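Coordinate inspection notes
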Amino acid sequence: MSSARMRSPLGRALGLGSARDGVDAWWRERVSAVALVPLTAWLTVSILMRADKGYAAVVAWLKLPITTTLMTLLLIALFYHTALGLQVVIEDYVHSRIKIPVLVGMHLGCVALGVAGLVAVLKIALA
Amino acid sequence: MSSQSDRQRPLSPNIQIYRPQLTSVLSIGNRISGIALGAYAVGLVILLVAVASGPDAYAAVYKFIGSWVGRIVLFGGTFCLFFHFCGGIRHLVWDAGYGFSLRAIYLSGWTVVAASIGLTALTYVVGAILAGYGP
Amino acid sequence: MIIRSSDEVSRTTVLKRFPVPRNFGVDAASRIDRGRTWPAPRGATRIKRFDVYRYDPQSGQNPRIDTYQVDLDDCGPMVLDVLIWIKNTVDPSLTFRRSCREGVCGSCAMNIDGTNWLACTKFNADLATPATIYPLANMRIIKDLVPDLTHLFAQHRLVEPWLRSKSPEPERERLQSPQERAQLDGLYECILCFCCTSGCPSHWWNGDRFLGPAVLLQATRWLVDSRDEATGERLDELEDPFRLYRCHTILNCTRTCPKGLNPGKAIADVKKMLIERRS
């Protein structure tokens, strides 16, 4: 008989206790979602209006201060929201010892991708 | 006694038998579209890096977007974006404490389905007009 | 199709189950075999087929699906009547919990045609043919339709479902205004049948740590009780990425509650309280 079966049902339900945490991640996911509502709407309309206009037009558009600003905000909100969302998905389905390495890798990946996007936007804007 | 408790009790089936309902189907849909949009976010970064790298890199990315595979990928992304967008707004309304009657849950659910299909269609119609295919 | 209350039966015939393999993620001991078919009684004219989940812990065998041909003219109108009819006239070994037969005890909660409901308040006429009867989804099964609810009651115990007060005990009863009493409406009616928790995908994947809709609705019942003085401590115990925040507002709970309650709304109210106390 394993030790897990000897533990009382209440002991098992209590587990490691409450983390007294979680409201923050939940709230940030919501705030980033609110930010993404106008930002993704803007991006969709902008792409739609600029498809097939050629490289020079795209660069000119990205060089506009308003575009640089909104694209920077979009990238930050997007990858922040993605990281928080994927964290929930991974916690839901991954129950083995790889969970925490996967979480760490995912968060670092999101930061790296977000920074790569920001650097690209700034390079275009400042070139 | 021990011979019984040694054998793990069977787990009754869950997802294998539970009826899909608008509630659970839209929830898993929101999740799948969200994960897909994570991949499209990578695509956005690739596009931005290509623009920053110069006309040749941009042309290569643009060639892919213009290919049939690229078009299908872009269409899927458009639908995922609107689906997650509308579903996300529905979730924000819930988080604010509204829309929890079953009638409201189903009305908002079907609205999300209709709106995401409608917005995707609208995007392609407007895109076609702007590209000069329309009237 | 717009559902207005949880007792509305879905008439859609498309996608009656999720397109996953029958044994998707199922451990060897939980795989379901084909059982035996019991014939219809002689002379029966109005026959309905019921496929019922069976498991006998003493047989050493896996769970199975037995098929019963039920004489509807010989039994009452509810699913519980069918089960009692089977037990009385066909197969006395069929095991299930039942007590009040009027939807107030919560004993006969089971998965009927793919959704959780009380067998005693579900009409046979609302079922497909063949009708499928499983135990509550995602439970360790003791025998046939009897799930082991030990863990769920331990989770209920975890939220300390009793009045916690710090003021000196009053001489008489603790007073509550009619308005304060009204706060408990929609919460106190829960009969702990666990239809909602058993129908919650998030509880399927993380039931060891996520408290599930039934227990969280019970927790809300004490959070909003004007006589309770442990609201802060209760919120502390709930604020956890798994205990509370595994709720992703799927709302299968609200769709399935046989008492017409709204666990999804109750959980959203807890999340709002947690925002309120820090903003």
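Here goes a summary of the coordinates provided. Because the structure is predicted, anything quoted here is derived from the model rather than measured.

For the rest of this paragraph, the subject is the interface of chain C and chain A. Opposite the 24 residues of chain C that make contact, chain A presents 20 residues. A salt bridge links D24 of chain A to R278 of chain C; the shortest N-O distance between them is 2.7 Å. Linking chain C to chain A there are 19 residue pairs in polar contact (both at pLDDT 80 or more). Those elements that provide at least two residues to the side of chain C that touches chain A are helix 2 (150-158), helix 5 (201-206), helix 7 (231-238) and helix 9 (263-276) of chain C. With six residues, the single largest contributor to the side of chain C that touches chain A is helix 2 of chain C.

Here the focus is the interface of chain B and chain C. Contacts between the two partners involve 34 residues from chain B, matched on the other side by 58 residues from chain C. Regarding the contact of chain B and chain C, the summed buried area is about 4500 Å², with carbon and sulfur atoms giving 59% of it. If you sort the residues of chain B by the area they bury against chain C, Q16, Y18 and R19 of chain B come out on top, with a joint share of 18%. Between chain B and chain C we count one salt bridge in total. Residue D148 of chain C pairs with R9 of chain B through a salt bridge whose shortest N-O separation is 2.9 Å. Connecting chain B to chain C are 21 residue pairs in polar contact (both at pLDDT 80 or more). Where the side of chain B that touches chain C is concerned, the elements lending two or more residues are helix 2 (22-53), helix 4 (68-95) and helix 5 (102-130) of chain B. The element best represented in the side of chain B that touches chain C is helix 5 of chain B, accounting for six residues. Split into classes, the residues belonging to the side of chain B that touches chain C amount to 16 nonpolar, 12 polar and six charged.

This part covers the nonpolar core. Core analysis: the biggest nonpolar cluster contains 87 residues, and V70 and M110 of chain C have the highest contact counts within it. The greatest single-element share of this core, amounting to seven residues, is contributed by helix 9 of chain C. Every residue in contact with V70 of chain C, bar those within four places of it in the chain, is listed here: R46, I47, K48, F50, C75, V82, W85 and I86 of chain C. Formed by 30 residues, the second largest nonpolar core is a distinct cluster that contains V59, L70, L74 and F79 of chain A.

This paragraph deals with the pattern of salt bridges. Overall, the coordinates contain 29 salt bridges over all chains when judged by the stated rule. Across the pair D24 of chain A and R28 of chain A runs a salt bridge whose closest N-O atoms are separated by 2.8 Å. On the criterion of helical spacing, the pair formed by D24 of chain A and R28 of chain A is a turn pair, its members being four residues apart in helix 3 (residues 23-50). Looking at R28 of chain A, the relative accessible area reads 38%, which means it is partly exposed. Taking the shortest distance from any N to any O, the salt bridge between E173 of chain C and R172 of chain C comes out at 3.4 Å. The class for E173 of chain C is exposed, based on a relative accessible area of 53%. Several salt bridges converge on common partners, so that one network encompasses R54, R64, D66, D91, K143 and D144 of chain C.

A few words on the sheet that holds strand 5 (residues 115-118) of chain C. Residue and element names in this part refer to chain C. Strand order in this open sheet of six strands is 1-3-2-6-4-5, and the pairing throughout is mixed. The open sheet terminates on both sides in strands that have one partner only, identified here as strand 1 (33-38) and strand 5. On average, each strand axis in the sheet is tilted by 30 degrees relative to the strand beside it, whichever way the strands run. For strand 4 (residues 109-112) and strand 6 (residues 131-134), the ladder comprises two bridges, and the chain directions are antiparallel.

We now examine the pairing of strand 5 of chain C. Across the two faces of strand 5 of chain C the burial is the same, with T115 and W117 of chain C and N116 and L118 of chain C all buried. In this structure, the hairpin formed by strand 4 of chain C and strand 5 of chain C is closed by a connection of two residues, where D113 of chain C is found at a positive phi of approximately 50 degrees.

With that settled, the discussion passes to the packing of helix 4 (residues 55-63) of chain A against helix 5 (residues 65-93) of chain A. A pair of packed helices can be characterised by two numbers: the angle between their axes and the separation between those axes. Residue and element names in this part refer to chain A. Between helix 4 and helix 5, the shortest axis-to-axis distance is 5 Å and the interhelical angle comes to 80 degrees. By the angle between their directions, the pair helix 4 and helix 5 is classed as roughly perpendicular. For the pair helix 4 and helix 5, contact is made by W61, L62 and K63 and by P65, T67, T68 and M71, respectively. Its residues placed into classes, the contact of helix 4 with helix 5 shows four nonpolar, two polar and one charged.

This next bit is on the side chain of D95 of chain B. Its location among the elements puts D95 of chain B in helix 4. Judged by relative accessible area, D95 of chain B falls into the buried class, the value being 12%. Within the local environment of D95 of chain B, its side chain forms a polar contact with the side chain of R30 of chain A, the two groups lying 2.7 Å apart. For D95 of chain B, the residues in contact, after removing those within four places along its chain, are W26 and R30 of chain A together with T249 and K272 of chain C.

Calculation notes
- Residues numbered from 1 in each chain as written.
- Chains lettered and ligands numbered in written order.
- Predicted model: local features only at pLDDT ≥ 70, side-chain atom pairs only at ≥ 80, totals over all residues.
- Heavy atoms only, no water.
- Contact = heavy atoms within 4.5 Å.
- Salt bridge = Lys/Arg side-chain N within 4 Å of Asp/Glu carboxyl O.
- Polar contact = N/O pair within 3.5 Å; in protein donor to acceptor, adjacent residues only side chain to side chain.
- Helix = DSSP H or I, 4+ residues; strand = E, 2+ residues; numbered from the N terminus.
- Buried area = accessible area lost by both parts, 1.4 Å probe.
- Nonpolar A, V, L, I, M, F, W, Y, C, P; charged D, E, K, R; others polar.
- Core = buried A, V, L, I, M, F, W, Y, C linked by side-chain atoms within 4.5 Å.
- Buried < 20%, exposed > 50% of the residue type's maximum accessible area, 1.4 Å probe, protein only.
- Pairing = 2+ DSSP bridges.
- Axes fitted to C-alpha atoms, helices over the stretch in contact; angles between N-to-C directions.
- Parallel < 35°, antiparallel > 145°, perpendicular 65-115°, else oblique.

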